[in-house]
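# Working through the structure, step by step
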Amino acid sequence: MLDPKLLRSESERVAANLARRGFTLDLAALADLEARRKAVQMRTDALRSERNARSKAIGMAKGRGEDVAPLMAEVDQLGRDLAAAEAEFGPIQAEVDAFALQLPNLLHDSVPEGADETANVEVRRVGTPGTFDFEPKDHVAIGEGLGGLDFETAGKISGSRFVVLKGPLARLHRALAQFMLDLHTTEHGYTEAYVPYMVSRETLTGTGQLPKFEQDLFKLSGERELFLIPTAEVPVTNFARDAILEGDALPMRLVAHTPCFRSEAGAAGKDTRGLIRQHQFDKVELVNLVKPEESYAALETMASHAGAVLEKLGLPYRVLALCSGDIGFGSAKTYDLEVWLPGQDKYREISSCSNCESFQARRMQARFRNAAGKPELLHTLNGSGVAVGRALVAVLENYQQADGSVMVPAALRPYMGGLERLVATVAQRA
RNA sequence: GGAGAGGUGGCAGAGUGGUCGAAUGUACCUGACUCGAAAUCAGGCGUGGGCUUACGCCCACCGUGGGUUCGAAUCCCACCCUCUCCGCCA
């Protein structure tokens, strides 16, 4: 949510910023709404003020043992006027709130201009794609050769966009998550968190998935309204909802490994082959809660934490600054990390690191006590560190051998019982 | 799942219809005393919103949402959450 005062006082400037995203701020509607809100609110407040004063007078008169019938007659019409004013004000306030909740975040000045992903700006490349003296296969073909990558069984039990992993591949998937958690907790200063996978509407409104993107979520049908999390960012960032943290509690760095559930509405026909786009996937998520003046330094650091995962796994990648037209709803600035996939002969997203500034914090009233002792909105950042399923894809494709086997990256071997190479076995082919 | 208790300010904890946004304690800030500190004394000290050049004034908020009433922290209804006991269970 944007600062309502800024929205009112500098609506032209806000509109210009949002226009960079391709979002049109309806200034006329905003001005009209504000004018109505202001008039009705002032009238309602004045009526309430008078009601309060009169009621207080009745109380005092009663205390003195006087007859209060005349006073109560005076206040009779006032009650009806107030009820009418409140009936008018409620819907207007709801309209103001709804208007505010559907506005995306303001972009940071450094965000490159552009309409879509083709205008994203490459910031750096790390590592060099390996060369193969054979035609590299994609992860689906590699997995089929190894056994243990089973879309057919997943289709039978759940439908499309699900996968079953078995044997060494399942273990490699687990090893990747364990490795990432250990790296972030022991070397990057994160505190590990285990969190609920089902969350309330309020929680999803706090991080910005609701009310606008309900069609992307899986909603449960129980008597309580709950949604499956699309990312651990949602439960973890909401740790700070309705809280005033002491200044020395910041920066707070949290990491969580969770499954993520996405309906992928609107992605029909996109990445239908393989593990790239699933309804359920695992991710290790980094969340930073920081003081405002530290948030852009924290964004750089967090992107480097995600990058460190790929570097230790020996996976080549590049970092993109997302352009104004491609950046997410709640983000002021986003870096995507794209890992090299030789089977697709291109870089594919494996991490997204965003600084949401106070956008989420304002929605969830996440604050800290500043140097002056006053509550102030903190800044929230989140980033994948990294997507586990896609990391599995990257390992399979980058470490494939001519004979169909796959070398295990050195960093993962301790998590694989020392195993150095995945080879096809008869049992797993069956 | 059954029975009961309870959700009030940073914390503790009063308050069952009327000058209650809320006693008191504690924490914190300022001042006095002191060489300094402690103790003591005095004052200050919630959040959000609106109006105003300003001083300041007004509104809302006692888990959440409704209701009753001239007036609700207080009464009624629903829901959420916490705790205790029983049952069940990983």
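What you are looking at is a predicted structure, and each value in this text was computed from that prediction instead of being measured.

### Overview of the overall build of chain A
Within chain A, the secondary structure is distributed over 13 helices and 17 strands. Seen through its C-alpha atoms, chain A measures out along the principal axes to roughly 100 × 45 × 45 Å. Across the 430 residues of chain A, 49% fall into the buried class. Long-range contacts, defined here as pairs at least 24 residues apart, represent 73% of the contacts in chain A between residues at least 6 apart. Computing the positive centroid from 50 side-chain charges and the negative centroid from 58, chain A places the two 2 Å apart.

### Description of the protein's contact with RNA strand B
Near RNA strand B, the surroundings consist of 22 residues, among which Arg 8, Lys 38, Asp 45, Ser 55 and Lys 62 are the closest. Each atom of RNA strand B within 4 Å of the protein belongs either to a base or to sugar and phosphate, the latter forming 68%. One of the side-chain nitrogen or oxygen atoms of Ser 49 is found 3.0 Å away from a sugar or linking oxygen of RNA strand B. In this structure, Ser 55 approaches RNA strand B through a main-chain N or O atom, which is 2.8 Å from a base nitrogen. Mapped by element, the contributors of at least two residues to the surface near RNA strand B are helix H1 (4-9), helix H3 (27-63) and helix H4 (69-101). Here the surface near RNA strand B gets 14 residues from one element, more than from any other, and that element is H3.

### Examining the pattern of salt bridges
Scanning the model with the defined rule gives 29 salt bridges in all. Between Asp 242 and Arg 241 there is a salt bridge, with its nearest N and O atoms 4.0 Å apart. For Glu 264, the salt bridge is made with Arg 277, and the minimal N-O distance between the two is 3.4 Å. With Glu 264 in the loop between strand E8 (252-261) and strand E9 (280-290) and Arg 277 in the loop between E8 and E9, the pair connects residues that are 13 residues apart, well separated along the chain. Owing to a relative accessible area of 18%, Glu 264 belongs among the buried residues under this scheme. Overlapping salt bridges, with partners in common, bring together Glu 122, Arg 125, Arg 318 and Glu 338 in one network.

### Considerations on the sheet that holds strand E4 (residues 191-193)
Read across the sheet, eight strands follow the order E1-E10-E11-E12-E15-E9-E8-E4 without closing on themselves; strand pairing throughout is mixed. At either margin of the open sheet sits one strand with a lone partner, and together these are strand E1 (121-126) and E4. Across the sheet, the mean angle from the axis of one strand to that of its neighbour is 25 degrees, orientation sign disregarded. Running at roughly 10 degrees to strand E15 (residues 379-387), helix H10 (residues 295-312) makes contact with E1, E9, strand E10 (317-321), strand E11 (333-341), strand E12 (346-355) and E15 of the sheet.

### Observations regarding the packing of helix H5 (residues 139-146) against helix H12 (residues 388-398)
Two numbers describe how H5 lies on H12: the axes approach to 9 Å, and their chain directions differ by 75 degrees. Comparing the axis directions of H5 and H12 gives the class roughly perpendicular. Packed against H5, whose contacting residues are His 139, Ile 142 and Leu 146, the element H12 presents Val 393, Leu 396 and Glu 397 at the interface. Residue composition of the contact of H5 with H12, grouped by class: four nonpolar, one polar and one charged.

### Observations regarding the sheet that holds strand E7 (residues 243-245)
With respect to topology, three strands assemble into an open sheet ordered E7-E13-E14, the strand pairing being mixed. The open sheet is flanked by E7 and strand E14 (375-377), the only strands paired with a single partner. Put simply, the sheet's adjacent strands are angled 40 degrees from each other on average, direction ignored. Here E7 pairs with strand E13 (residues 366-369) via three bridges, running parallel. Bridged to Leu 245 within E13 is Phe 368.

### Details of the state of the cysteines
For the coordinates displayed, the defined rule picks out zero disulfides. Between Cys 353, a free cysteine, and Cys 356, which holds the nearest cysteine sulfur, the sulfur-to-sulfur gap is 11 Å. Take Cys 353: its relative accessible area is 0%, and that puts it in the buried class.

### What about the packing of aromatic side chains?
Any pair of aromatic rings gets described here by the distance separating the centres and the angle formed by the planes. Applying the stated criterion across every chain yields a total of six aromatic pairs. On the numbers, 6.3 Å between centres and 75 degrees between planes, the contact of Phe 179 with Tyr 415 is edge-to-face. With a gap of 236 residues between them, Phe 179 in helix H7 (residues 167-187) and Tyr 415 in the loop between strand E16 (406-407) and strand E17 (421-422) connect regions that are remote in the sequence. On the accessibility criterion, Phe 179 (6% relative accessible area) is buried. The partly exposed category is assigned to Tyr 415, whose relative accessible area is 23%. Geometrically, the ring pair formed by Tyr 194 and Tyr 197 is edge-to-face, given 6.0 Å between the ring centres and 65 degrees between the ring planes. According to the relative accessible area criterion, Tyr 194 is exposed, its value standing at 72%. The class of Tyr 197 is partly exposed, set by a relative accessible area of 27%.

### Considerations on the pairing of E13
Regular strands place side chains that alternate from one sheet face to the opposite one. Here E13 shows a buried face lined by Ala 366 and Phe 368 and an unburied face lined by Arg 367 and Arg 369. Relative to E14, E13 runs antiparallel, the two being bridged by three bridges. Bridge pairing in E14 links Phe 368 to Glu 376.

Quick notes on the rules
- Residues numbered from 1 in each chain as written.
- Chains lettered and ligands numbered in written order.
- Predicted model: local features only at pLDDT ≥ 70, side-chain atom pairs only at ≥ 80, totals over all residues.
- Heavy atoms only, no water.
- Helix = DSSP H or I, 4+ residues; strand = E, 2+ residues; numbered from the N terminus.
- Buried < 20%, exposed > 50% of the residue type's maximum accessible area, 1.4 Å probe, protein only.
- Contact = heavy atoms within 4.5 Å.
- Lys, Arg positive; Asp, Glu negative; His and termini not counted.
- Charge placed at Lys NZ, Arg CZ, Asp CG, Glu CD.
- Near = heavy atom within 4 Å.
- Polar contact = N/O pair within 3.5 Å; in protein donor to acceptor, adjacent residues only side chain to side chain.
- Salt bridge = Lys/Arg side-chain N within 4 Å of Asp/Glu carboxyl O.
- Pairing = 2+ DSSP bridges.
- Axes fitted to C-alpha atoms, helices over the stretch in contact; angles between N-to-C directions.
- Parallel < 35°, antiparallel > 145°, perpendicular 65-115°, else oblique.
- Nonpolar A, V, L, I, M, F, W, Y, C, P; charged D, E, K, R; others polar.
- Disulfide = S-S within 2.5 Å.
- Phe/Tyr/Trp six-rings, centres within 6.5 Å; stacked < 30°, edge-to-face > 60°.

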